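Coordinate analysis (summary)
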Amino acid sequence: MMTDITIAKETQLFLWSLLLGAGLSVLYDVLRVLRLETHHRNAVICIEDILYFLVCSVITFGFLLKDNCGEVRGYVLIGELIGWVLWHLTIGSAAVHICAVVFSTVKHFLIFLFKIIFSPICCVFRFISKILKKFTKKVLQKEKYNLKHKRIMMYNLFNRCKNTRQKGGEPDGSTYHCKKEKKTQQ
């Protein structure tokens, strides 16, 4: 199979590959801006870079398949590399800095709006929580007085009888005796 490749076609393909390399560099600049504004661990950065190179390889393969009938030419790969490096060293650094400033400004503005919108809601929840704390405190204090007294509770009567036999009297100094002991005394 013979393909008709002329010098004009190769030059056009080389210029398109320069543009593609610059576009891939812009894609990497997006990753750089995200890394500047958010903290990433080294493992995450490694995964991002691997995914970036996979996307670049798929885009390059699609470019070669569409424009060069799938034939890999060295000048196309060199053109991509030159376009990537030229963008990265010239416009890319300034673009990353500007985008980082814009991203930071937008982030701070959104945080400010978030605080304005949700601060009244937070105040209402704080007020409700204070009321609920007071209410639960009162309920718990009242509940404390609604409990049965020690002397009347069933399990305490059994323990008191045991304590009375061992010590000869009530632990709290009263004269209460168990019913079994009263029957044995009479």
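One can find the structure itself at the top, above this paragraph.
Here's a quick rundown of the structure.

Okay, the overall build of the chain next. Regarding its fold elements, the chain presents 5 helices and 0 strands. Each helix and strand of the chain, placed in order from N terminus to C terminus, yields the pattern α-α-α-α-α. Counting all 186 residues of the chain, 20% fall into the buried class. A separation of at least 24 residues holds for 64% of the contacts in the chain among residues at least 6 apart in sequence.

Going through the model one piece at a time under the given rule, you end up with 4 aromatic pairs. Aromatic side chains Tyr28 and Trp84 sit 5.9 Å apart centroid to centroid with 50 degrees between the ring planes, which places their arrangement in the tilted category. With Tyr28 in helix 1 (residues 7–37) and Trp84 in helix 3 (residues 74–146), the pair connects residues that are 56 residues apart, well separated along the chain. A residue is classified by how much of its surface remains accessible, and Tyr28, at 16% relative accessible area, is buried. By relative accessible area, Trp84 is classed as partly exposed at 24%.

This part covers the pattern of salt bridges. Following the criterion strictly, the structure yields 4 salt bridges and no others. A salt bridge links Arg35 to Glu48; the nearest nitrogen and oxygen atoms lie 3.0 Å apart. Of this pair, Arg35 sits in helix 1 while Glu48 is found in helix 2 (residues 42–67), placing the two residues 13 residues apart along the sequence. For Arg35, a relative accessible area of 19% puts it in the buried group. For Glu48, a relative accessible area of 18% gives the class buried.

You can see Asp29 is positioned in helix 1. Residue Asp29 is classed as buried on the basis of its relative accessible area of 6%. Within polar-contact distance, the side chain of Asp29 engages the side chain of Trp87 at 2.8 Å. In contact with Asp29, other than residues within four places in its own chain, are Trp87, His88, Gly92 and Val96.

With 10 residues, the main nonpolar core is built from Leu13, Leu20, Leu24, Tyr28, Leu31, Tyr52, Cys56, Phe63, Leu64 and Val76. Sorting the residues of this core by element identifies helix 1 and helix 2 as the ones contributing at least two each. The dominant element in this core, judged by the number of residues it contributes, is helix 1, at 5 residues. The residues contacting Phe63, other than those within four sequence positions of it, are Leu13, Trp16, Ser17, Leu20, Asn68, Val76 and Glu80.

With that settled, the discussion passes to the side chain of Ser17. Locating Ser17 in the fold gives a position in helix 1. Looking at Ser17, the relative accessible area reads 0%, which means it is buried. If sequence neighbours within four positions are ignored, Ser17 has contacts with Phe63, Tyr75, Val76, Gly79 and Glu80.

Attention shifts here to the packing of helix 1 against helix 2. In helix packing, the relevant descriptors are the interaxial angle and the interaxial distance, both defined with respect to the helix axes. Direction vectors running N to C along helix 1 and helix 2 enclose 160 degrees, while the axes themselves pass 11 Å from each other. In terms of their interaxial angle, helix 1 and helix 2 are classed as roughly antiparallel. Crossing of helix 1 against helix 2: the hand is right-handed. Touching Lys9, Leu13, Trp16, Ser17, Leu20, Leu24, Ser25, Leu27, Tyr28, Leu31 and Arg35 of helix 1 are Ile45, Glu48, Asp49, Tyr52, Val55, Cys56, Ile59, Thr60, Phe63 and Asp67, all from helix 2. Tallied by class, residues from the contact of helix 1 with helix 2 come to 13 nonpolar, 3 polar and 5 charged.

A word on helix 2. Between its terminal C-alpha atoms helix 2 stretches 37 Å, which fits the 38 Å expected from 26 residues at 1.5 Å a residue. Every buried residue belonging to helix 2 is among Glu48, Tyr52, Cys56, Thr60, Phe63 and Leu64, and all of these are buried. Directly after helix 2, the chain includes Cys69, whose backbone phi takes a positive value near 55 degrees.

Thresholds, definitions, all that
- Residues numbered from 1 in each chain as written.
- Predicted model: local features only at pLDDT ≥ 70, side-chain atom pairs only at ≥ 80, totals over all residues.
- Heavy atoms only, no water.
- Helix = DSSP H or I, 4+ residues; strand = E, 2+ residues; numbered from the N terminus.
- Buried < 20%, exposed > 50% of the residue type's maximum accessible area, 1.4 Å probe, protein only.
- Contact = heavy atoms within 4.5 Å.
- Phe/Tyr/Trp six-rings, centres within 6.5 Å; stacked < 30°, edge-to-face > 60°.
- Salt bridge = Lys/Arg side-chain N within 4 Å of Asp/Glu carboxyl O.
- Polar contact = N/O pair within 3.5 Å; in protein donor to acceptor, adjacent residues only side chain to side chain.
- Core = buried A, V, L, I, M, F, W, Y, C linked by side-chain atoms within 4.5 Å.
- Axes fitted to C-alpha atoms, helices over the stretch in contact; angles between N-to-C directions.
- Parallel < 35°, antiparallel > 145°, perpendicular 65-115°, else oblique.
- Left-handed = near helix turned anticlockwise from the far one by under 90°.
- Nonpolar A, V, L, I, M, F, W, Y, C, P; charged D, E, K, R; others polar.
- Expected span 1.5 Å × (residues − 1).

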